[in-house]
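# Descriptive analysis of the structure
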Amino acid sequence: AGTFTPGKLIIEPASVTLTANNDTKTYNGQEQTVTGFTASVDGLTFIGVSASGSGTDQGDYGVTFNGVTVNTTTDTTGNYVVAGTTDGTLIINRKAVTVKADDKNKTVGAADPTLTATVTGLVGGDTVSYTISRVGGEEANTYAITPTGEATQGNYTVSYETGTLTM
C-alpha cells in the first residue's frame, strides 16, 4: 500500500508477524532449549532477531523474542515491517520411572528378608520416595511384595510393580 502525493509516491512496508517456535521434550537432567521463529510471509530474513527459551526441570518455559521492535524492525529488504510477535513455549514433561519390588525367598519360620526394590529411569543422582510392604502370612506359599508411593514426584511420573516373596 502506498500514499500518493503529487510529485511523490510513498511506499510503506507491508506487515508481517513473527511466531516463536514451540517444542515438547522429556526431562533428562540437562538444560533443554528451543530456538527460532517463523514469519507470516515465507522467505524473509531478519538480522539481529532471535527467539529462544530454555529450562531444566519439568514445566513450561517461555520462548521469547530478542532484537524486535514492533512497527520498527524490518526484514533485510525493507519491504516488510514486524507488526507483532507471538511467543512460544518449551514444555518439559516428566520422565517415566518404574519402582519394581525385588523377588525374595525365605524359609518358613525364618525372619523376613529385607524388602528392596529396583528403580529404573532415574537421571543422575535423582531419587524418588516409596515404601515396600508384603502381604502377611507365614505358611509355605507366595506373597505379594508391593512398593507404593506418589505417582507424581518432581520431574518424574512413577509406576510401581509388585514382586513375590516365596516361602
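It should be emphasised that the depicted structure is a prediction, and the values quoted were computed from it without experimental measurement.

## Observations regarding the overall build of the protein chain
- Looking only at helices and strands, the protein chain features zero helices and 18 strands.
- For 167 residues, the compact-globule estimate of 2.2 N^0.38 gives 15 Å, and the protein chain exceeds it by more than 25% at 29 Å.
- Based on the C-alpha atoms only, the size of the protein chain along its principal axes is roughly 110 × 25 × 20 Å.
- Here the protein chain, with 167 residues, has 25% of them falling under the buried criterion.
- Partitioning the intrachain contacts of the protein chain with sequence separation of at least 6 by distance along the chain shows that 56% fall at a separation of at least 24.
- Approximately 9600 Å² of the protein chain is accessible, and the part contributed by carbon and sulfur atoms is 47%.
- Distance between charge centres in the protein chain, computed from 8 positive and 16 negative side chains, equals 6 Å.

## Things to note about the side chain of Thr73
- By secondary structure assignment, the location of Thr73 is in the loop between strand 8 (59-66) and strand 9 (80-86).
- Given the relative accessible area of 12%, Thr73 is considered buried.
- A polar atom in the side chain of Thr73 sits 2.8 Å from the backbone nitrogen of Thr69.
- Other than its neighbours up to four places away in sequence, Thr73 contacts Phe46, Val49, Gly67, Val68, Tyr80, Val81 and Val82.

## Considerations on the nonpolar core
- By size, the foremost hydrophobic cluster in this structure holds 21 residues, and its most contacted members are Leu18, Phe46, Val63, Phe65, Val128 and Tyr156.
- Elements with a contribution of two residues or more to this core: strand 3 (14-20), strand 8, strand 10 (88-93), strand 11 (95-101) and strand 17 (156-161).
- Ranked by the residues each element gives to this core, the list is headed by strand 3, at three residues.
- In this structure Val63 touches Ala20, Asn21, Val34, Ala51, Ser52, Gly53, Asp87, Gly88, Thr89 and Leu90, once residues within four positions along its chain are discounted.
- By size, the runner-up hydrophobic cluster in this structure holds five residues, among which are Tyr143, Ile145, Leu165 and Met167.

## A short note on the sheet that holds strand 4 (residues 23-26)
- Judged by pairing direction, the sheet is mixed, and its five strands sit side by side in the order 4-10-8-7-5 without closing on themselves. Looking at which strands have only one partner, the edges of the open sheet turn out to be strand 4 and strand 5 (32-35). In this sheet, neighbouring strand axes are inclined to one another by 20 degrees on average, regardless of whether the strands run parallel or antiparallel.
- When strand 5 meets strand 7 (residues 50-55), the two strands line up antiparallel, connected through four bridges. By the bridge assignment, Thr35 is partnered in strand 7 with Ser52.

## Overview of the environment of Val41
- Following the sequence through the fold, Val41 ends up in the loop between strand 6 (37-39) and strand 7.
- Each C-alpha atom, one on Val41 and one on Thr17, is 8.0 Å from the other, the two residues being 24 residues apart in sequence.
- With near-sequence residues (within four places) excluded, Val41 lies in contact with Val16 and Tyr80.

So, how was this worked out
- Residues numbered from 1 in each chain as written.
- Predicted model: local features only at pLDDT ≥ 70, side-chain atom pairs only at ≥ 80, totals over all residues.
- Heavy atoms only, no water.
- Helix = DSSP H or I, 4+ residues; strand = E, 2+ residues; numbered from the N terminus.
- Rg over C-alpha atoms; globule rule 2.2 N^0.38 Å.
- Buried < 20%, exposed > 50% of the residue type's maximum accessible area, 1.4 Å probe, protein only.
- Contact = heavy atoms within 4.5 Å.
- Areas by Shrake-Rupley, 256 points an atom, 1.4 Å probe, with all protein chains shown as cover.
- Lys, Arg positive; Asp, Glu negative; His and termini not counted.
- Charge placed at Lys NZ, Arg CZ, Asp CG, Glu CD.
- Polar contact = N/O pair within 3.5 Å; in protein donor to acceptor, adjacent residues only side chain to side chain.
- Core = buried A, V, L, I, M, F, W, Y, C linked by side-chain atoms within 4.5 Å.
- Pairing = 2+ DSSP bridges.
- Axes fitted to C-alpha atoms, helices over the stretch in contact; angles between N-to-C directions.

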